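# Observations on chain architecture
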Amino acid sequence: MSISAFGNASPKELLAPMTVDRRPVGATDVQIDILYCGVCHSDVHQARNEWKNTLYPCVPGHEIVGTVVAVGNKVTKYQVDDIVGVGCLVDSCRTCEACKDDEEQFCSNGAVFTYNGPDKHLGGHTFGGYSTGVVVDEEFVLKVRHTDNLAAVAPLLCAGITTYSPLRRWGVGPGKRVGVIGLGGLGHMAVKLASAMGAEVILFTTSPSKVDDAKRLGASDVLLSTDEEQMKKAKGGFDFILDTVSAKHDVNPYLGLLGRHGTMVLVGVPEDPLSVAAFSIIFGAKNFAGSLIGGIKETQEMLDFCAEHQITSDVEMIEMGQVNEAYERLLKSDVKYRFVVDMKSMKS
Ligand code: NAP
Ligand code: ZN
Ligand code: ZN
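Cut-offs and rules
Residues numbered from 1 in each chain as written. Chains lettered and ligands numbered in written order. Predicted model: local features only at pLDDT ≥ 70, side-chain atom pairs only at ≥ 80, totals over all residues. Heavy atoms only, no water. Phe/Tyr/Trp six-rings, centres within 6.5 Å; stacked < 30°, edge-to-face > 60°. Helix = DSSP H or I, 4+ residues; strand = E, 2+ residues; numbered from the N terminus. Buried < 20%, exposed > 50% of the residue type's maximum accessible area, 1.4 Å probe, protein only. Lys NZ or Arg CZ within 6 Å of the ring centre and 35° of its normal. Pairing = 2+ DSSP bridges. Axes fitted to C-alpha atoms, helices over the stretch in contact; angles between N-to-C directions. Donors = N, O, S within 2.8 Å, 3.2 Å for Na, K, Ca; no water. Tetrahedral: all angles 85-135°; square planar, octahedral: opposite > 155°, others 65-115°. Near = heavy atom within 4 Å. Polar contact = N/O pair within 3.5 Å; in protein donor to acceptor, adjacent residues only side chain to side chain. Areas by Shrake-Rupley, 256 points an atom, 1.4 Å probe, with all protein chains shown as cover. Nonpolar A, V, L, I, M, F, W, Y, C, P; charged D, E, K, R; others polar.

### Description of the packing of aromatic side chains
Summed over all chains, the structure comprises five aromatic pairs. Where F204 meets Y254, the ring centres are 5.2 Å apart and the plane angle is 80°; that geometry is what we call edge-to-face. In this pair, F204 is assigned in strand 11 (residues 200-205) and Y254 in helix 7 (residues 252-255), connecting sequence segments 50 residues apart. For F204, a relative accessible area of 1% corresponds to the buried category. In textbook terms, an aromatic cluster arises when at least three aromatic residues are bridged by ring pairs, as seen for F204, F238 and Y254. The aromatic ring of Y78 is capped on one face by K143, whose charged end is 5.0 Å from the ring centroid. It is R177 that lies over the ring of F238; its NZ or CZ is 4.4 Å from the centre.

So this is what it looks like as structure tokens:
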């Protein structure tokens, strides 16, 4: 079936209306009418081919919340009218070690990402949530238990899980001193989640205008990383630091703030390589690690945790036609704190 979407045909083009095909609903498939889709910085990297792997036409969007409008005859978990989510993954082999360990994002036979992945059904590549509808196997569909503010739930499907997963893996909780670098889509979720887990959270930002918000979101202290004096006086001994920065930056001052055996995890994906000085990590036997979204089981766990703790994203609603402008604002760190497209704007 042909549906309305928004995407671009080359890195230099702005995103514009287009149509894409969705497969017919198979036995284990769920057809979803998309209500909201968040705008992740990865959408910008991908649409502009900053990671040098984009397949065109490119239809981004992997923070999807919608309504089930049809289900295949073998679907057991969902029914028509359910409110559901789809994140960054729509399929994987389901048999390799990673899939068996509920880490489908690391499927050794190739995870199928919501956009720019191989489309096993129609050939070509997958198209994301900047569209009116999507068809996804029920195993990759998430239950949304939030009952209101569904637009603000959409960003949990990427920004939420990408920050939740490393916070859990590295045991963030009461008694832990946690740093978050960057208060954008991912960063603001990290501040909310880490403080809900009971940790002491300190935010590092380049934007003076975000200091008060960071405290409102749960940070006990905020340091302006552009102010050398503040950085010099920063108290070290961090157990864990999450780096969400989307552009090139110096990681060494942050590694210096880690305590003995402390860990800094990179989730931001700058276009250019970062450089790490040996002395930043050898004294104190520090760890510098990475993390990629989270598996389906953990994504459901995160959504349930957020529903229980009444956590959603702080969003700025836009119409689909405003997405190019939203990309420019993202590049200026000018969003509080996630743009979400109201998909009604594509239907009228
Ligand atoms: P975002 O909303 O644009 O936030 C990024 C934040 O980084 C900005 O708000 C800004 O915070 C800070 N920043 C930007 N440029 C900077 C610079 N030159 N120097 C220092 N700080 C800077 O982006 P996002 O959607 O949160 O995504 C962040 C990154 O994570 C992107 O690279 C994205 O592709 C990646 N990502 C990774 C995964 C994964 O699984 N690993 C998943 C999703 C996204 P302040 O204004 O507070 O300084
Ligand atoms: Zn994302
Ligand atoms: Zn697999």
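### So, unusual backbone geometry
The amide bond that connects Y56 to the next residue, P57, takes the cis arrangement and shows omega of 0°. You can see P57 is positioned in the loop between helix 1 (41-47) and strand 4 (64-71). The omega angle of the peptide bond from K336 to Y337 is -10°, so this bond is cis rather than trans. Counting through the fold element by element, Y337 comes out in the loop between helix 10 (323-331) and strand 17 (338-342).

### Topic: the sheet that holds strand 12 (residues 221-224)
Strands in a sheet are paired, the pairing made by backbone hydrogen bonds, and the direction either parallel or antiparallel. Pairing is parallel in the open sheet, where six strands are placed in the order 12-11-10-13-14-15. Either end of the sheet is taken by a strand with one partner, and the two such strands are strand 12 and strand 15 (287-290). On average, each strand axis in the sheet is inclined to that of its neighbour by 20°, with strand direction left out of account. Where strand 10 (residues 177-181) meets strand 13 (residues 238-243), four bridges bridge the pair, whose relative direction is parallel. Residue I181 lies in a different strand from strand 13, and its bridge partner there is D243.

### A look at the coordination of the zinc ion (ligand 3)
Within the protein, the zinc ion (ligand 3) binds to C93 (SG), C96 (SG), C99 (SG) and C107 (SG); these donor distances fall in the range 2.3 to 2.4 Å. Geometry at the zinc ion (ligand 3) is tetrahedral, judged from its four donor atoms and the angles of 101 to 118° they form at the metal. Written as a sequence motif, the donor residues of the zinc ion (ligand 3) are C-x2-C-x2-C-x7-C. We classify C96 as buried; its relative accessible area is 9%.

### Examining the site of ligand 1
The environment of ligand 1 is formed by 30 residues, the closest being T205, T206, S207, K210 and R338. The separation between an oxygen atom of ligand 1 and a polar side-chain atom of S42 is 2.8 Å. Here ligand 1 loses 90% of its free accessible area of 920 Å² to cover by the protein chains. Every element with two or more residues in the shell around ligand 1 is listed here: helix 1 and helix 4 (185-196). Looking at which element gives the most residues to the shell around ligand 1, the answer is helix 1, with three residues. Per-class residue counts for the shell around ligand 1 are twelve nonpolar, 15 polar and three charged.

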